[in-house]
Amino acid sequence: MSTGQMTITFALVAAATAATRFLPYVLFPEGRKVPAVVMYLGKVLGPAVFGMLVVYCLRNVDMASPSHGIPELIACLVTVALYVWKRNMVLPMAGGTLCYMILLHTVF
Amino acid sequence: MNEQNIKGKSRRKAARALVSCFPLTIPVMAGYIFLGVTYGLLMRTAGFPFWLPTLTAAVIYTGSMEFLMVEILASSFHPLSAMATAFMVGARHLFYGLAMLQKYGNTGWKKFYLIYTTSDETFAVNYGADVPEGVDRRWFYFWVSLLDQMYWVGGATLGAFFGRFLTFDMEGLDFVMTAMFIVILLAQWEKDGTRLEGCLRDHVPEITGLGASFLCRLLFGPDDFLIPSMVLILALLLIFRKPIAMRREEVQR
């Protein structure tokens with residue numbers, strides 16, 4: 001690609017990405033009444049999307065790989081257990097990640 | 001004198017919001033700097049100039065799309081397909097936007113910036129946060145957005161300049177993102193009710209999100225499952241709108 005072509009590609013990608021961010025706010029500006037179905041979606045999409053993002057983060061786990069996804073499974077369980085035990089946000093993140101790194105470097 | 005008072009007051013308001021939100025952004029810092037450095041390094045290895053990672057990180061500011069940009073810019077000129085890819089990769093922002101319509105409402109000049117810097121992690125922190133009493137929510141959201149973007153751009157810049165000198169093994173640090181989403185999902189689960197009886201019916205949105213994406217991941221593979229997942233989630237939530245909405249009202253009562 002020439003520099004000009006790169007600039008065009010970059011500009012279009014940036015514009016398309018920004019469009020995904022601004023579209024909901026353009027469609028439903030402040031002051032205009034938001035339809036009930038959109039309000040409902042706004043409430044239930046949050047929890048659903050986090051389920052999706054967890055799966056998204058783990059999308060490359062391969063059961064057929066040498067580790068069979070066991071380090072990921074253990075680290076997830078540790079994260080959940082720490083949360084249920086301490087009801088705290090930061091500790092499970094630190095604990096789960098540390099556990100995962102140790103597993104990768106020592107066992108798997 | 002009076003004017004100075006007002007200035008000092010609003011400065012204190014901003015400072016208090018910064019202090020109260022910073023701890024929540026620490027996991028994002030770890031994840032973003034790690035991924036950002038990787039991105040900066042990758043761009044340099046592909047032969048692009050040192051300033052390109054910083055520029056793309058700041059302007060596009062969508063990690064997955066930026067990683068794709070390395071390949072797109074290195075291949076032949078297909079601007080429209082690049083644009084379509086960007087729209088699909090960013091499609092989840094539409095979800096975040098709908099979920100944040102109310103929270104980002106009435107935020108004045110900050111609103112444009114809040115929308116422009118919507119990302120998985122910033123949405124996660126701002127959507128999940130209970131802004132403490134006495135803290136200005138507009139400043140709170142603003143600082144989270146700004147800090148997160150600084151971590152990402154800073155990471156990409158570091159990677160572009162110093163990536164080749166990295167010698168210690170950081171493998172596995174990216175799990176911090178996964179852990180963050182798990183914790184937020186659990187917190188959300190608690191918010192939607194903690195009783196055991198009828199527990200599955202209280203958490204239809206969470207279960208739909210997990211189940212539909214898992215199913216689509218099995219069916220479509222790791223690279224193409226996000227769009228089908230979103231379509232399926234949207235369809236299921238709309239089909240079962242009546243029972244879900246009724247149940248939620250019951251729980252909140």
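The rules behind each value
- Residues numbered from 1 in each chain as written.
- Chains lettered and ligands numbered in written order.
- Predicted model: local features only at pLDDT ≥ 70, side-chain atom pairs only at ≥ 80, totals over all residues.
- Contact = placed C-beta atoms within 7 Å.
- Helix = DSSP H or I, 4+ residues; strand = E, 2+ residues; numbered from the N terminus.
- Nonpolar A, V, L, I, M, F, W, Y, C, P; charged D, E, K, R; others polar.
- Buried ≥ 20, exposed ≤ 12 C-beta atoms within 10 Å, placed from the backbone.
- Expected span 1.5 Å × (residues − 1).
- Bend = angle between axes of the 7 residues up to and from the residue.
- Domains from an automatic or database assignment.
- Core = buried A, V, L, I, M, F, W, Y, C linked by C-beta atoms within 7 Å.
- Arc of directions from axis to C-beta.

All right, on to the interface of chain A and chain B then. The partner chain B presents 69 residues to the 57 residues of chain A that form the contact. Only helix 1 (3-27), helix 2 (36-57), helix 3 (70-86) and helix 4 (90-107) of chain A provide two or more residues apiece to the side of chain A that touches chain B. Counting residues per element, the side of chain A that touches chain B draws most heavily on helix 2 of chain A, at 18 residues. The residue makeup of the side of chain A that touches chain B, split by class, is 42 nonpolar, 12 polar and 3 charged.

This paragraph deals with the environment of A:T3. Residues and elements named next belong to chain A. With respect to the helices and strands, T3 occurs in helix 1. Among the residues examined, T3 registers 7 C-beta atoms within 10 Å and is labelled exposed. A sequence separation of 59 residues divides T3 from D62, and the C-alpha atoms of the two residues are 39 Å apart.

So, about helix 1 (residues 2-45) of chain B. All names here are of chain B. The terminal C-alpha atoms of helix 1 lie 56 Å apart, and with 44 residues this falls more than 12% below the ideal 64 Å at 1.5 Å per residue. Taking the largest bend as the criterion, helix 1 deviates by roughly 45°, centred on P23. G47 lies just past helix 1 and shows a positive phi near 95°.

What follows concerns the domain arrangement of chain B. Considered domain by domain, chain B is made up of domain 1 (2-172) and domain 2 (192-253). Computed over C-alpha atoms only, the centres of domain 1 of chain B and domain 2 of chain B are separated by 27 Å.

Considering soluble globular proteins, one finds that nonpolar side chains tend to be buried as a cluster. Core analysis: the biggest nonpolar cluster contains 102 residues, and A:V13, A:V54, B:M180, B:F181 and B:V183 have the highest contact counts within it. Taken domain by domain, the makeup of this core includes at least three residues from each of domain 1 (2-172) and domain 2 (192-253) of chain B. Residues in contact with A:V13, not counting those within four places in the same chain, are B:I60, B:M65, B:M69, B:A82, B:M83 and B:A86.

For helix 4 (residues 79-89) of chain B, the complete set of buried residues consists of B:A82, B:M83, B:A86, B:F87 and B:V89. Viewed along the axis of helix 4 of chain B, the buried residues span an arc of 170°, placing them on a single side of the element. Seen from the open side of helix 4 of chain B, the exposed residues pointing more than 90 degrees away from its buried face are B:L80 and B:S81. Those residues of helix 4 of chain B that are buried lie in contact with helix 1 of chain A together with helix 3 (63-74) of chain B.

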